[in-house]
Structure formats: structure tokens, C-alpha cells
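A closer look at the structure
Single-letter residue listing:
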Amino acid sequence: MKHLQALFIFTLLSGSSFSAAAMETVVIETSAGEITLQLNDEKAPASVQNFLAYAVSGFYNGTIFHRVINNFMIQGGGFTADYQRKATNSPIRNEANNGLKNNKYSIAMARTGNPHSATSQFFINTKDNGFLNFTRESGNGWGYAVFGNVIKGFDVVDAINQVSTGAGGPFRSDAPIQQVIIKTVRIIAKQQPTK
């Protein structure tokens, strides 16, 4: 069984049987509804493979959107419902210089002040956030790496973005008062990019 799972993950991440233009389609099932994403593994291969590895392992199941700032972004993928931080894999290199922009409904890797510190956490932009884009390979210029876009479930993203927030766990603010739980993250298939 482990060999089959390893083969599945390898096939999923290598994408060897698909055209280069095809993109992974992923569904985040939340307590507020489903969000469908198309991931750009051509322009953000490390970020996409990282996200898919966490998804396939079941890491995201039962985590929450722990940080929501109205008219900015919704962030999740790192904390359980009781605000326990989950142990992650090693950080990945920042791919924000890939030409993808932090536009409304794009998904990007969350990180600390260290530009190459992204692990499991991600955020979905709920407005155009140009100030998060790459400008140079130093300081704040690194920006935040976009690796895909919402293609369905825009209303779910908008609903999450409008929840009431306050203190929760280690956070003094911006935590949803009524938690939004990520039930599963499932991979559908590779398909041609949505126009």
C-alpha cells in the first residue's frame, strides 16, 4: 500500500503524463463551502509541489483559516481548531519572481519576515494586493509567491473574508470568532488552464 501511495504522489508531483500547459485542479472543502483552485506548476513548481504534498498527506484536514482580514486576505493551513501549530516540512525557496501577481482570488504562500520561510501556510487574496508582489531579490522586495487562482467558490472566499474576527489562541486579533475549518484538500486532475 505504501508503494502505491508513493507511486501516486510521485506521478502527481512529476506530472510526466500530462502536457506542460495542464494545471492541477484542487478543491478545498471548508465548513463554509468549497473553493476550487487551479495551481500553476509551470511558473511555481516548488510552491505547487509543496502544497500538493501537504494535501496528499492529509496535513490540511482539520486545520482552520486562522487569520482573516476583511478586504485583504484569508490565511490558513497551519493550525488545528484548538490552535495547535502543526509540525511542517522544511521551508521552500520563494518563487515570487515568477511573474504571477497577488491579484484578487490568487493563492500565495504565507511566510515570516524571512523570504524563504514558507512551509504549509497559504493565503487567498480578497483584493488586488500589488504591494505583496516581487520587486527585487532583497528585503521586502521579495514579495509573496503566488502559485494559483480560485476558479470556483468565489462566494465562499467572500463569505470567509467577511466573518467576524477577534482574539483566538495565540492571536490577539483577526481570528474568526466562528471558526472556518478546512475539512479536506483533494486533488481532482490536471486540466487546461481556465480562461
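Every value quoted in this text rests on a predicted model; they were computed, and no experiment measured them.

Tallying secondary structure elements over the protein chain gives three helices and ten strands in all. Beginning at the N terminus, the succession of helices and strands in the protein chain can be written as α-β-β-α-β-β-β-β-β-α-β-β-β. Split into buried and exposed, the 195 residues of the protein chain put 47% on the buried side. Nonlocal contacts in the protein chain, meaning residues at least 24 apart in sequence, comprise 70% of its contacts between residues at least 6 apart. With the model as given, the accessible surface of the protein chain reaches about 9,700 Å², and the carbon-plus-sulfur share is 52%.

Moving on, we get to the packing of aromatic side chains. In the structure shown here, the tally under the stated rule is 14 aromatic pairs. With centroids separated by 5.3 Å and ring planes inclined at 35°, the aromatic side chains of Phe-51 and Tyr-60 adopt a geometry described as tilted. Assigned by exposure class, Phe-51 and Tyr-60 land together as buried. For the pair Tyr-105 and Phe-154, a centre-to-centre distance of 4.7 Å together with 70° between the ring planes defines the contact as edge-to-face. With Tyr-105 in the loop between strand S4 (73-80) and strand S5 (106-109) and Phe-154 in helix H3 (residues 154-161), this pair connects stretches of sequence that are 49 residues apart. Members of the aromatic cluster, each reached through a chain of ring pairs, are Phe-51, Tyr-54, Phe-59, Tyr-60, Phe-65, Phe-122 and Phe-147. The ring of Phe-59 carries the charged tip of Lys-86 above its face, separated from the ring centre by 4.4 Å.

For the rest of this paragraph, the subject is the nonpolar core. In this structure, Ile-35, Leu-39, Phe-51, Tyr-60, Phe-122 and Phe-147 are the most contacted members of the largest nonpolar core, which totals 31 residues. Of the residues forming this core, the biggest block, five residues, is contributed by helix H2 (residues 45-57). In contact with Ile-35, not counting residues within four places along its chain, are Val-26, Val-27, Ile-28, Thr-30, Ile-124, Val-150, Lys-152, Gly-153, Val-156, Val-157 and Ile-160.

Looking now at the environment of Ile-182. Topologically, Ile-182 is positioned in strand S10 (residues 181-191). Taking relative accessible area as the criterion, Ile-182 reaches 0% and is therefore assigned buried. Put simply, Ile-182 and Phe-65 are 117 residues apart on the chain and 7.3 Å apart in space, counted from C-alpha to C-alpha. If we skip the residues at most four places from it in the chain, Ile-182 touches Ile-28, Glu-29, Thr-30, Tyr-60, Asn-61, Gly-62, Thr-63, Ile-64, Phe-65, Gly-77 and Phe-122.

Right, let's talk about the pattern of salt bridges for a bit. Here the structure, examined in full by the defined rule, presents two salt bridges. Glu-29 is paired through a salt bridge with Arg-186; the nearest N and O atoms lie 3.7 Å apart. Here Glu-29, found in strand S1 (residues 23-30), pairs with Arg-186, found in strand S10; they are 157 residues apart in sequence, far enough to count as distant. Note on Glu-29: relative accessible area 26%, which makes it partly exposed. Residue classification places Arg-186 among the partly exposed positions, given a relative accessible area of 34%. Residue Arg-186 is joined to Glu-34 by a salt bridge in which the shortest nitrogen-to-oxygen separation is 3.1 Å. Placement of Arg-186 in strand S10 and of Glu-34 in strand S2 (residues 33-39) is noted, with a sequence separation of 152 residues between them. Residue classification places Glu-34 among the partly exposed residues on the basis of a relative accessible area of 37%. Because the salt bridges share partners, they merge into one network encompassing Glu-29, Glu-34 and Arg-186.

Conventions used here
Per chain, residue numbering runs from 1 following the sequence as it is written. Confidence filtering applies because this is a predicted model: local features only for residues at pLDDT of at least 70, side-chain atom pairs given and counted only at 80 or more, and all residues used for totals across whole chains, interfaces and linings. Where side-chain values are given, they derive from all heavy atoms of the structure, hydrogens and water being excluded. Only DSSP runs of H or I reaching four residues or more are called helices, and only runs of E reaching two or more are called strands; each is numbered from the N terminus. Between buried and exposed lies partly exposed: a residue is buried under 20% and exposed over 50% of the maximum accessible area for its type, with that area taken using a 1.4 Å probe on protein chains only. Contacts were defined at the residue level, with two residues in contact if any of their heavy atoms lie within 4.5 Å. Surface exposure here means Shrake-Rupley accessible area, sampled with a 1.4 Å probe, where a residue is shielded only by the protein chains that are shown. Side-chain rings of Phe, Tyr and Trp (the six-membered ring for Trp) are treated as a pair once their centres are within 6.5 Å; stacked means planes under 30 degrees apart, edge-to-face means over 60, and tilted covers the remaining angles. Put simply, a charge is over a ring when the Lys NZ or the Arg CZ is close to the ring centre, within 6 Å, and near the line of the ring normal, within 35 degrees. By nonpolar core is meant a set of buried Ala, Val, Leu, Ile, Met, Phe, Trp, Tyr and Cys residues that side-chain atoms within 4.5 Å join together. The rule for a salt bridge is simple: a side-chain nitrogen of Lys or Arg has to be within 4 Å of a carboxyl oxygen of Asp or Glu.

By themselves these figures say nothing about function.
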